[in-house]
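Here is what each chain is made of, one letter per residue.
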2 protein chains.
Amino acid sequence: MVERKEISKSVLKRLPGYLTYLKNMPEDSPAHISATALANALGMGEVQVRKDLALVSDGGRPKIGYLREGLIDDIEQFLGYDNTTDAVLVGAGKLGCALLGYQGFDEYGLNILAAFDADENKTGMDESGKPIYTLDKLPLFCKTHKVLMGIITVPSVHAQDVCDMMIANGIKAVWNFAPAHLEVPENILVQTQNMASSLAVLSMHLQAQMKSKD
Amino acid sequence: MVERKEISKSVLKRLPGYLTYLKNMPEDSPAHISATALANALGMGEVQVRKDLALVSDGGRPKIGYLREGLIDDIEQFLGYDNTTDAVLVGAGKLGCALLGYQGFDEYGLNILAAFDADENKTGMDESGKPIYTLDKLPLFCKTHKVLMGIITVPSVHAQDVCDMMIANGIKAVWNFAPAHLEVPENILVQTQNMASSLAVLSMHLQAQMKSKD
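Everything numeric in this text was worked out from a predicted model, so none of it was measured.

Conventions adopted
- Residues numbered from 1 in each chain as written.
- Chains lettered and ligands numbered in written order.
- Predicted model: local features only at pLDDT ≥ 70, side-chain atom pairs only at ≥ 80, totals over all residues.
- Heavy atoms only, no water.
- Salt bridge = Lys/Arg side-chain N within 4 Å of Asp/Glu carboxyl O.
- Helix = DSSP H or I, 4+ residues; strand = E, 2+ residues; numbered from the N terminus.
- Contact = heavy atoms within 4.5 Å.
- Buried area = accessible area lost by both parts, 1.4 Å probe.
- Polar contact = N/O pair within 3.5 Å; in protein donor to acceptor, adjacent residues only side chain to side chain.
- Nonpolar A, V, L, I, M, F, W, Y, C, P; charged D, E, K, R; others polar.
- Pairing = 2+ DSSP bridges.
- Axes fitted to C-alpha atoms, helices over the stretch in contact; angles between N-to-C directions.
- Buried < 20%, exposed > 50% of the residue type's maximum accessible area, 1.4 Å probe, protein only.
- Right-handed = clockwise from strand over helix to strand, strands pointing away.
- pLDDT = per-residue confidence, 0-100.

A. A look at the pattern of salt bridges. Residue and element names in this part refer to chain A. Under the definition given, this model contains seven salt bridges over all chains. Ionic pairing is found between E46 and R50, a salt bridge with its closest N-O pair at 2.8 Å. Of this pair, E46 and R50 are both found in helix 3 (residues 46-56), four residues apart, which corresponds to roughly one turn of the helix.

Rendered as structure tokens:
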């Protein structure tokens, strides 16, 4: 891996795409892949892909490209997938439980340790065997386990309170699934994953299509 | 509801946020809410909220604001949540099954009818009682049920093939969870929900935080 440079969020957001493509290539693919081939396969600009890869790997050779396995290792190491990040999740509703039970996060190095909910009727074990505690247990849990990432899946009116509580207990990165704007101090990063917004855009497109048929 | 105007994607993406906030307000809240109050609550600009609401509702009164229940109805109607959109999902892996079993989509008017997978070992019923069929059943199913929305949760190398297959069978809107770029004809809309990208940004932030502590 190359020495770590400052890297923009937009580059960072593209890296998982390269990684997924590389990891899912057929086993009988050539051992090497060029930035050009990768760019073509993903429908992206060649120059952008070349620059992105150069930021995370020094394994590229002119006219040969990158050794695929080496490039996979470099991107994974860069993204920290080889280190596990422990997280807590607050809001054990339908979406929260779906995320809690989703084992696919393993491959991204994310490990959700436990969920928390204000409703004590929701406490216990979820189907995947992970614990769900009442929200008042969050502070001690975060401190004991030195948790740095928090996932918010509560209704949006409660999202800011939960976010504040997380930050007060040492959380530095918040993955927010509530369609709410969160105010955080400068050293805290929030990524909001607004599924309802995507759905709204898709539904509206379908309505417009139906209308044009009338 | 006001007469339907052309509305930008960015407005559309904000509407679910307003809706969720309005629907989650305490029962004893005042019956009216102003654009200013909503803007403050969501940490957004007052002018933007005022303009957005005026696009979907003509119920706003000077100094009084909107009747909350009426505004909720107007936004829901605008977003088509009162009409159910049927969808199919392709890729019955971990994420696919999590989405298939997620009942929270109901409130957005999304109904996933069935899942499809190339692996016949995955066929049968999922835990929520929804059917999973082999992929060769997709064409007939889409035509019989007049399905317009497709959800892609296959590995990114297969995403374009699945997308092409969906479009060939009448799908007009694609919700793509594979970190892949999809080429589609002009009248088809794709929304890509890249969870891995969000995670990458968060993980990198944590790595940077740890480094600054060393």
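Next, the rest of the story.
B. Quick look at the interface of chain B and chain A. Contact with chain B, which involves 62 residues of that partner, is made by 62 residues of chain A. Across the chain B/chain A interface, buried area totals approximately 5,700 Å², and carbon plus sulfur atoms make up 71% of it. Summed over the three residues of chain B that lose the most area to chain A, namely L199, V201 and L202 of chain B, the buried surface amounts to 11% of that side. For the pair chain B and chain A, the interface holds zero salt bridges. At the junction of chain B with chain A, the criterion picks out seven residue pairs in polar contact (both at pLDDT 80 or more). When residues in the side of chain B that touches chain A are grouped by element, the largest group, 16 residues, is from helix 8 (residues 195-213) of chain B. Among the residues making up the side of chain B that touches chain A, the classes are represented as 35 nonpolar, 20 polar and seven charged.

C. Broad picture of the sheet that holds strand 7 (residues 149-152) of chain B. Residue and element names in this part refer to chain B. Taken together, the seven strands give an open sheet; going across it, the order is 5-6-4-3-7-8-9, and neighbouring strands pair in mixed fashion. Single-partner strands in this sheet number two, and they are strand 5 (124-125) and strand 9 (189-192). Pairing geometry for strand 4 (residues 110-117) and strand 6 (residues 131-134), over three bridges, is parallel. Along strand 6, the bridge assignment pairs D117 with T134. Where helix 5 (residues 94-101) meets the sheet, its contacts fall on strand 3 (85-90), strand 4, strand 6 and strand 7, and the angle it forms with strand 4 comes to roughly 150°. The strands touched by helix 7 (residues 156-168) are strand 3, strand 7 and strand 8 (173-176); relative to strand 7, the strand with the most contacts, the crossing angle is about 165°.

D. Summary view of the pairing of strand 3 (residues 85-90) of chain A. Residues and elements named next belong to chain A. Along strand 3, five of the six residues are buried, which leaves the element largely enclosed by surrounding structure. Direction of pairing for strand 3 relative to strand 4 (residues 110-117): parallel, over a ladder of six bridges. Bridging from a neighbouring strand, V90 pairs with F116 of strand 4. Assessed by its sense of winding, the connection that carries the chain from strand 3 through helix 5 (residues 94-101) to strand 4 is right-handed.

E. Geometry of the confidence of the model for chain A. All names here are of chain A. Residues at a pLDDT of 70 or more form 96% of chain A, whose mean pLDDT is 87. The least confident element of chain A is helix 8 (residues 195-213), whose mean pLDDT is 77; the most confident is strand 6 (residues 131-134), at 97. Note on the complex model: pTM 0.69, ipTM 0.72.

F. Structural view of the sheet that holds strand 6 of chain A. All names here are of chain A. Spatially, seven strands are ordered 5-6-4-3-7-8-9 in an open sheet, and the strand pairing comes out mixed. Two strands bound the open sheet, and with one partner strand each, they are strand 5 (124-125) and strand 9 (189-192). For strand 8 (residues 173-176) and strand 9, the ladder comprises four bridges, and the chain directions are parallel. By the bridge assignment for strand 9, W175 is matched with Q191. Packed onto the sheet, helix 5 meets strand 3, strand 4, strand 6 and strand 7 (149-152) and runs at close to 150° relative to strand 4.

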